[in-house]
Amino acid sequence: MYKFKAMINNKFIETKTQLEIINPDGLEVCGTVSALSKEQINHAFLAARQAQKRWEKLGLDERIKSLNRWKELLLENKAELATIIMTEVGKGYKDALVEVERTVEYMAETFMQAKDLQPLKLDGAKYGAPNKQATFTRVAKGVGVAISPFNYPINLAISKIAPALVMGNTLVFKPATQGSLIGARLGELAVEAGIPEGIFNVVTGRGREIGDEIVKNPEIDFISFTGSVGVGKHLLEVASSKDVVLELGGKDPAIVIDADNLEKYANEIVSGAFSYSGQRCTAIKRVLTTNEIADQLVPLLVKKINNLTVGKPADNADITPLIDLKSADFVWELIADAKAKGAITLTGDSRVANLITPTLVDHVTTEMRLAWEEPFGPALPIIRLNSIEEMIKVANASNFGLQASVYGTNIDQAIEIAQQIEAGTININGKSQRGPDQFPFLGVKDSGFGTQGIGETILSVTRYKGIVINN
Ligand code: NAP
Ligand code: G3H
């Protein structure tokens, strides 16, 4: 049983009530964190504001020194951190460990890129102003808010936190409820690393209870949010700052245009759709292909899906219990709706509590909810269409536009299709995915606003400051 506290100004916060964290594998309480009051949240912002100028003035090298110790502590404690992640979000232990290691690499690369940033030097002579010599440098925006989702509780937190802090901002960080144990542990390690007071503050509590209080705070200079479309849109309406980066949901299509390499395509589709039980924003969430190709592809998918293991995160099963019962109910509802309207399940289609077996749903049509809604679980629809033009049309008819993948041997044709797909990134002959973390990562339409990825996040947490010398 974990017992962690929120952390404000390097102090661990006692609260009258605690937030209980439920282990997805067993649905029992596995830990508690502080449930903060509005006053305590306000205090976090005041601490962040007070500390900001001092932190910025410390200079990049000193900030990196401080943050580097934190990074080392993450690495030294990686087994413990992975166990917490496994326990509170039901991710397989090995994958949780990979997440911690990826996060440490993310930090290292962030510090390197921050050091490599060069000011923009402009000679006015080129623009008809020979007396002007300008230097534009990236400087901190001030006090930021980072709000992260449950599914990558350390990686999607640090990918906001490390760039913001290294560039001289201070932060109020709100982890997802399922993700608060690791979030609060990050706070403990920050204090242990000697990061000065007020720089990094962890506020815990349910989003629906404290979320508005957080994002409406007048001290906020910028917000970085990753989560669902509904919460992201609500945040845009109520937030005090309009400087917002949103990374939201997806309905990434896998578009299969020929049958030349189906074994490889099937491997990519199964791993893309079912890793972490489909609880990835970039998971493949629909397959668009022709009847003829589907007739050959589907049996391969069935075989591979039947080889996936179903069970416990501690045993590194491929499919583990979903984050909670409500999420499992939603996936179940989408499968039921598809079946009621004539679709056929070829694998899985069974459930015990929040553990749903990997379910391939064939003959899904555009009348079914599963064609459009994001299950965030192990349910993959096959939508059989008549032509490539129809595949592009259905791909683009979605309100989402995170990523897509196109599978075919004719690369020129695949690129031509990619150019017509409305999404942040299109992978050719490979599943949709965020990494490498140096790549820009973005969604269009309802999938997001603004860009992440190491270099892009550094830009989003800074602004230019120009000094122009007039001779
Ligand atoms: P979520 O329910 O939207 O929660 C995301 C975060 O928002 C959590 O910290 C949540 O706290 C908080 N929150 C809830 N209500 C809030 C409010 N009124 N104001 C401010 N914050 C509030 O999403 P999730 O279930 O954790 O994650 C799954 C979704 O995120 C999926 O749609 C997935 O596609 C998307 N996602 C997108 C990306 C990307 O980069 N594009 C990456 C990962 C996930 P509580 O947990 O306390 O409610
Ligand atoms: O859940 C959304 C993550 O940003 C996806 O990251 O593609 O590395 O699994 P990933």
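Residues numbered from 1 in each chain as written. Chains lettered and ligands numbered in written order. Predicted model: local features only at pLDDT ≥ 70, side-chain atom pairs only at ≥ 80, totals over all residues. Heavy atoms only, no water.

Visitor: I'm lost on the site of ligand 2 in this one. Help?
Guide: If you check the shell around ligand 2, you find Arg102, Asn151, Tyr152, Arg280, Cys281, Thr282, Gln433 and Arg434 and nothing else. Note that an oxygen atom of ligand 2 is positioned 2.7 Å from one of the side-chain N or O atoms of asparagine 151. The separation between an oxygen atom of ligand 2 and a polar side-chain atom of arginine 280 is 2.7 Å. Expressed as a share of its isolated accessible area of 310 Å², the protein-covered part of ligand 2 is 95%. Of the residues in the shell around ligand 2, the class split is two nonpolar, three polar and three charged. Domain assignment of the residues forming the shell around ligand 2 places at least three in each of domain 1 (2-248 + 447-470) and domain 2 (252-439). (Near = heavy atom within 4 Å. Polar contact = N/O pair within 3.5 Å; in protein donor to acceptor, adjacent residues only side chain to side chain. Areas by Shrake-Rupley, 256 points an atom, 1.4 Å probe, with all protein chains shown as cover. Nonpolar A, V, L, I, M, F, W, Y, C, P; charged D, E, K, R; others polar. Domains from an automatic or database assignment.)

Visitor: How should I be thinking about helix α4 (residues 93-116) in this particular structure?
Guide: Because an α-helix packs 3.6 residues into every turn, residues spaced three or four apart end up facing the same way. In a regular helix each residue adds 1.5 Å, so 24 residues correspond to 34 Å; α4 covers 35 Å between its end C-alpha atoms and thus fits that length. Every buried residue belonging to α4 is among Ala96, Leu97, Glu99, Val100, Thr103, Val104, Tyr106, Met107, Glu109, Thr110, Phe111 and Ala114, and all of these are buried. Lining the buried residues of α4 we find α2 (60-76), α3 (78-89), α5 (155-166) and α14 (454-460). (Helix = DSSP H or I, 4+ residues; strand = E, 2+ residues; numbered from the N terminus. Expected span 1.5 Å × (residues − 1). Buried < 20%, exposed > 50% of the residue type's maximum accessible area, 1.4 Å probe, protein only. Contact = heavy atoms within 4.5 Å.)

Visitor: Explanation requested: the site of ligand 1 in the structure shown.
Guide: Neighbouring residues of ligand 1: 30 residues in total, closest Thr177, Gly207, Ser228, Leu248 and Glu374. Measuring from an oxygen atom of ligand 1, one finds a side-chain N or O atom of lysine 174 at 3.1 Å. One of the backbone N or O atoms of alanine 176 is found 3.3 Å from an oxygen atom in ligand 1. About the coverage of ligand 1: the protein hides 87% of its 900 Å² of free accessible area. Of all the elements in the fold, those that place two or more residues in the shell around ligand 1 are α7 (207-215), β11 (222-226) and α8 (229-238). The greatest single-element share of the shell around ligand 1, amounting to four residues, is contributed by α7.

Visitor: Sorry, what's going on with the packing of α4 against α5 here?
Guide: Packed helix pairs are specified by the crossing angle of their axes together with the interaxial distance, meaning the distance between the axes. Remark: α4 packs on α5, axes separated minimally by 9 Å, with the N-to-C direction vectors making an angle of 20°. Between α4 and α5, the crossing angle belongs to the class labelled roughly parallel. Judged by the sense of rotation from one axis to the other, the crossing of α4 with α5 is right-handed. Counted together, Glu99, Arg102, Thr103, Tyr106, Met107, Thr110, Phe111 and Ala114 of α4 and Asn155, Ile158, Ser159, Ala162, Pro163 and Val166 of α5 form the full contact between these two elements. Here the contact of α4 with α5 is composed, by residue class, of eight nonpolar, four polar and two charged. (Axes fitted to C-alpha atoms, helices over the stretch in contact; angles between N-to-C directions. Parallel < 35°, antiparallel > 145°, perpendicular 65-115°, else oblique. Left-handed = near helix turned anticlockwise from the far one by under 90°.)

Visitor: Can you walk me through the packing of aromatic side chains in this structure?
Guide: Considering all chains together, one arrives at six aromatic pairs under this definition. Considering the side-chain rings of phenylalanine 173 and phenylalanine 200, the 6.0 Å spacing of their centres and the 20° angle between planes classify their relative orientation as stacked. Residue phenylalanine 173 is found in strand β9 (residues 170-174), and its partner phenylalanine 200 is found in strand β10 (residues 200-202); the two are separated by 27 residues along the sequence. By the burial criterion, phenylalanine 173 is buried, and phenylalanine 200 matches it. (Phe/Tyr/Trp six-rings, centres within 6.5 Å; stacked < 30°, edge-to-face > 60°.)

Visitor: Please explain the sheet that holds strand β13 (residues 252-256) as it appears in this structure.
Guide: Neighbouring strands of a sheet are bound in pairs by backbone hydrogen bonds; such pairs are parallel or else antiparallel. Taking strand neighbours across the sheet as the criterion, the seven strands line up as β15-β18-β19-β14-β13-β20-β21 in an open arrangement whose pairing is mixed. The strands lining the two open edges of the sheet, one partner per strand, are β15 (344-345) and β21 (425-428). Across four bridges, the pairing between strand β14 (residues 284-290) and strand β19 (residues 379-385) is parallel. Within β19, the residue paired with threonine 290 across the bridge is leucine 385. Across the sheet, helix α9 (residues 262-274) lies against β13, β14, β18 (359-362), β19 and β20 (403-407), angled at about 150° from β14, the strand it touches most. Strands in contact with helix α12 (residues 388-396) are β13, β14 and β19; relative to β14, the strand with the most contacts, it is inclined by about 155°. (Pairing = 2+ DSSP bridges.)

Visitor: Looking at this model, I keep getting lost on the domain arrangement of the protein. Mind explaining?
Guide: When the parts of a complex come together, some accessible area is lost, and that lost area is often used as the size of the interface. Taken domain by domain, the protein consists of domain 1 (2-248 + 447-470) and domain 2 (252-439). Once you take the C-alpha centre of each, domain 1 and domain 2 turn out to be 31 Å apart. Listed per partner, the contact involves 27 residues of domain 1 and 25 residues of domain 2. Around 2200 Å² of area is buried between domain 1 and domain 2 when both sides are counted, 55% of it from carbon and sulfur atoms. Counting the surface domain 1 buries against domain 2, the share from its top three residues, Asp25, Phe150 and Ser447, is 24%. Where domain 1 meets domain 2, there are two salt bridges. Linking domain 1 to domain 2 there are 14 residue pairs in polar contact (both at pLDDT 80 or more). Those elements that provide at least two residues to the side of domain 1 that touches domain 2 are α3, α4 and α5. When residues of the side of domain 1 that touches domain 2 are assigned to their parent elements, the largest contribution, six residues, is made by α4. (Buried area = accessible area lost by both parts, 1.4 Å probe. Salt bridge = Lys/Arg side-chain N within 4 Å of Asp/Glu carboxyl O.)

Visitor: Looking at this structure, how should I read helix α6 (residues 180-192)?
Guide: The first and last C-alpha atoms of α6 sit 18 Å apart over 13 residues, in line with the 18 Å expected at 1.5 Å per residue. Along α6, ten of the 13 residues are buried, which leaves the element largely enclosed by surrounding structure. The positive-phi residue at the C-terminal boundary of α6 is glycine 194, with phi of around 85°.

Visitor: It is not clear to me how the pairing of strand β4 (residues 18-23) should be interpreted in this structure. Could you clarify?
Guide: Taking every second residue as pointing to the same face, the buried face of β4 carries Leu19, Ile21 and Asn23, while none of Gln18, Glu20 and Ile22 on the other face is buried. Sheet analysis places β4 next to strand β5 (residues 28-34), joined by six bridges and oriented antiparallel. Bridging across to β5, glutamine 18 finds its partner in serine 34. The turn linking β4 back onto β5 is made up of four residues, and glycine 26 within it adopts a positive phi angle of 120°.

Visitor: Even after reading the chapter, I still don't get unusual backbone geometry, so can you show me in this structure?
Guide: A negative phi angle is the norm for most residues apart from glycine, just as the trans form is the norm for most peptide bonds. A cis amide bond links glycine 435 to the next residue, proline 436, at an omega of -10°. We note that tyrosine 276 has phi near 45°; this positive angle belongs to a residue other than glycine. Here tyrosine 276 is to be found in the loop between α9 and β14. A relative accessible area of 7% places tyrosine 276 in the buried class. Backbone geometry places aspartate 349, a non-glycine residue, at a positive phi of 60°. Tracing the backbone through its elements, the reader meets aspartate 349 in the loop between β15 and β16 (351-352).

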